[in-house]
Each structure stands twice: as structure tokens, then as C-alpha cells.
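# A structural walkthrough
Spelled out, the chains give:
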Amino acid sequence: MITSRILGKQTISNMTFHDFVSGITLGAIAANLAFNDKLNHWLIVVSLLMFFGISFLVSKIALKNRAWNRLVSGTPTVVIENGKILEDNMRKIRYTLDSLAQSLREKDIFNMAEVEYACLEDHGKLSVKKKSEYEWVTRKDLKLHAAAVQSFPVELIMDGIIMEDNLAHNGLTVQWLEQVLRQRNKSVSDVFYAVRGTQISCILTTIGTTLTNLSISPGLTALSPRLPSAPTTPHQGRNL
């Protein structure tokens, strides 16, 4: 766990060839350390640390050297260009039409004729650009004014606990939060969830209670009251 944390989130998110090999090898060494009593544990620990050091060094060099990064991580491959499937490129990477069709379906594309460009990234996922006539209409296309986002939504209370770090990072204080709650005849102990966001109104659904169209000042976007113990009924969740 420690070595994976140091290697970074890349190891568990968009895995490249290097990340895949590193993860498999580190897992195999760790498994031998945990379950193989025939090997010297100190030698396994040393091999684990050595491989971790090599993997970490390779990652650092890849960040600074683009040529080295392309060598250890690979490069994207274009499989559809100008609406035409590039069979030679697919053959080089041993990528089948079935795999291509599956990846397109995962992006809600069931007709290859809708695709202008498709690129298989070095982490194995497909990036797709549709033909202009099949793309979604945007607010800009309709010449609708999009209101500027003033701030990112900030969770202030979660599970009845004040998120003091969130308050501090956004220049807010516990006193400010208590004052806003008092304006609604609430205290912190009454609130299960509270968030300050960019929307003026929202809908919150909780067990047995629905808060609809909350007209709230810019200070606090929405709050959900703490509820008493509910009977054994299916949990409806919260919908923002």
C-alpha cells in the first residue's frame, strides 16, 4: 500500500504498460512476502524496495523526458480517421473490430458511421470524436447565455459533522455557518448535510422527508435536516 501510494494515482487509474507491469510485479513480490515461507523474507523485502525504487525512478524520468515516456508508456493509435477504419493500425496493435465496436457501444455509439475520429490511448481506452451532424447541441450553438460559475460547490456539513477544512480553504468560519443556520431556525446538531454552491435552488430527498425548491441566499445552497431513526424501509437516498 505504501509503495502504491508513493507511485501515485496513475498506478490505479489510467494504467500504461509501465504501470501495469509495475503493479503486477509489486503484487507478486508482496504475495511471496506474505505467503511464501520457503524464501528469505529479508531478500524479498530488499527486492520489493529495489523494484519500487526502479519503478519510481522510471516514472520520474518519464515526466521529464518525452521520448522516454513514449518508450515506457506507449503512444496513442488512431483506429478511425475521417470516418474510415484504419485496418493496418488495428492490425499492428492486434485490435479487433469486435473490440472497437464494444468500446464504441460503451460510449453510446452503436453506428460506426457516426464516428469521425477514434484513437486508442496508451492506457487502453478509446477516445472518440463524432461527425458534426451527430454531435450534441450546446448552449453556444443555440446562442444561449451561460451564466458564469462563481464558485465551486463546497460541502460544509456531512453526516452531521462540520467540514472545518472546507470552511478554512474557502475563507469561511464556523461562526458564519452557525449564523446562516440560525437564520433558518436551525443549529448544527439539526443538520445532516449542508453545501454552499452555485445553484439558487435544489431538491433534496431524504428518508421520509423531501425538501423541494429551496430558496436560499448565496451563503448556503441547501441543507438536509437530521432525521430521527427511521423504520426499516428501503433507503431512498439523496438527490441533488
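Residues numbered from 1 in each chain as written. Predicted model: local features only at pLDDT ≥ 70, side-chain atom pairs only at ≥ 80, totals over all residues. Heavy atoms only, no water.

## Points about the sheet that holds strand 2 (residues 84-85)
With antiparallel pairing, the four strands of this open sheet are ordered in space as 2-1-3-4. In this open sheet, the two edge strands, each paired with only one partner strand, are strand 2 and strand 4 (126-130). Alignment of strand 1 (residues 77-81) against strand 3 (residues 115-120), held across four bridges, turns out to be antiparallel. Counterpart to I80 in the pairing with strand 3 is A118. Sheet strands in contact with helix 6 (residues 97-106) are strand 1, strand 2, strand 3 and strand 4, and its direction is about 70° off that of strand 4. (Pairing = 2+ DSSP bridges. Helix = DSSP H or I, 4+ residues; strand = E, 2+ residues; numbered from the N terminus. Contact = heavy atoms within 4.5 Å. Axes fitted to C-alpha atoms, helices over the stretch in contact; angles between N-to-C directions.)

## Brief notes about the environment of L26
Here L26 lies in helix 2 (residues 17-35). Among the residues examined, L26 registers a relative accessible area of 9% and is labelled buried. (Buried < 20%, exposed > 50% of the residue type's maximum accessible area, 1.4 Å probe, protein only.)

## What about the pairing of strand 1?
Pairing of strand 1 with strand 2, which is carried by two bridges, proceeds in the antiparallel orientation. Bridging from a neighbouring strand, I80 pairs with I85 of strand 2. Between strand 1 and the antiparallel strand that follows it, strand 2, lie two residues; N82 among them carries a positive phi value of about 55°.

## What about the environment of I93?
For I93, the location among the structural elements is in the loop between helix 5 (87-92) and helix 6. The partly exposed category is assigned to I93, whose relative accessible area is 30%. Each C-alpha atom of the pair I93 and L120 lies 9.7 Å from the other, and the pair is 27 residues apart in sequence. Those residues in contact with I93 that sit more than four places away from it in its chain are T77, V79 and L120.

## Quick word on the pattern of salt bridges
Within the structure shown, the criterion is met by two salt bridges. Note that R91 and D88 form a salt bridge whose closest N and O atoms lie 2.9 Å from each other. Taken as a pair, R91 and D88 lie in helix 5 at a separation of three residues, close to a single helical turn. The pair formed by R91 and D88 is uniform in burial state, with each residue classed as exposed. Across the pair K129 and E135 runs a salt bridge, and its minimum N-O distance is 3.5 Å. Overall, K129 belongs to the partly exposed group, its relative accessible area being 42%. Accessibility expressed as a relative area gives 39% for E135, which makes it partly exposed. (Salt bridge = Lys/Arg side-chain N within 4 Å of Asp/Glu carboxyl O.)

## Side note on the packing of helix 3 (residues 41-64) against helix 4 (residues 66-73)
At their nearest, the axes of helix 3 and helix 4 sit 6 Å apart, and the two run at 130° to each other. As summarised for this structure, helix 3 and helix 4 are arranged oblique, according to the angle between their axes. In the packing of helix 3 onto helix 4, the handedness of the crossing is left-handed. Of the residues in helix 4, those touching helix 3 at V58, I61, A62 and K64 are R66, W68, N69 and V72. Here the contact of helix 3 with helix 4 is built from residues that sort into five nonpolar, one polar and two charged. (Parallel < 35°, antiparallel > 145°, perpendicular 65-115°, else oblique. Left-handed = near helix turned anticlockwise from the far one by under 90°. Nonpolar A, V, L, I, M, F, W, Y, C, P; charged D, E, K, R; others polar.)

## What about the confidence of the model for the protein?
Within the protein, residue pLDDT values average 75, and 73% of them lie at 70 or more. Segment residues 200-218: pLDDT under 50, and 46 contacts once partners within four positions in sequence are set aside and those in other chains are kept. Considering only residues more than four positions removed or in separate chains, one finds that residues 230-240, a stretch of pLDDT under 50, has 14 contacts. (pLDDT = per-residue confidence, 0-100.)

## Some details on helix 8 (residues 174-182)
Every buried residue of helix 8 is accounted for by L177, V180 and L181. For helix 8, the angular spread of the buried residues around the axis is 100°, confining them to a single face. Exposed residues on helix 8 whose side chains face more than 90 degrees from its buried face are Q175 and R182. (Arc of directions from axis to C-beta.)

## Points about the packing of helix 2 against helix 3
Between helix 2 and helix 3, whose axes approach to 9 Å, the crossing angle comes to 165°. Between helix 2 and helix 3, the angle falls in the class roughly antiparallel. As helix 2 packs across helix 3, the resulting crossing turns out to be left-handed. Contacts from H18, V21, S22, T25, L26, I29, N32 and L33 of helix 2 reach helix 3 at H41, I44, V45, S47, L48, F51, F52, S55, V58 and S59. The class makeup of the residues in the contact of helix 2 with helix 3 is 10 nonpolar, eight polar and no charged.

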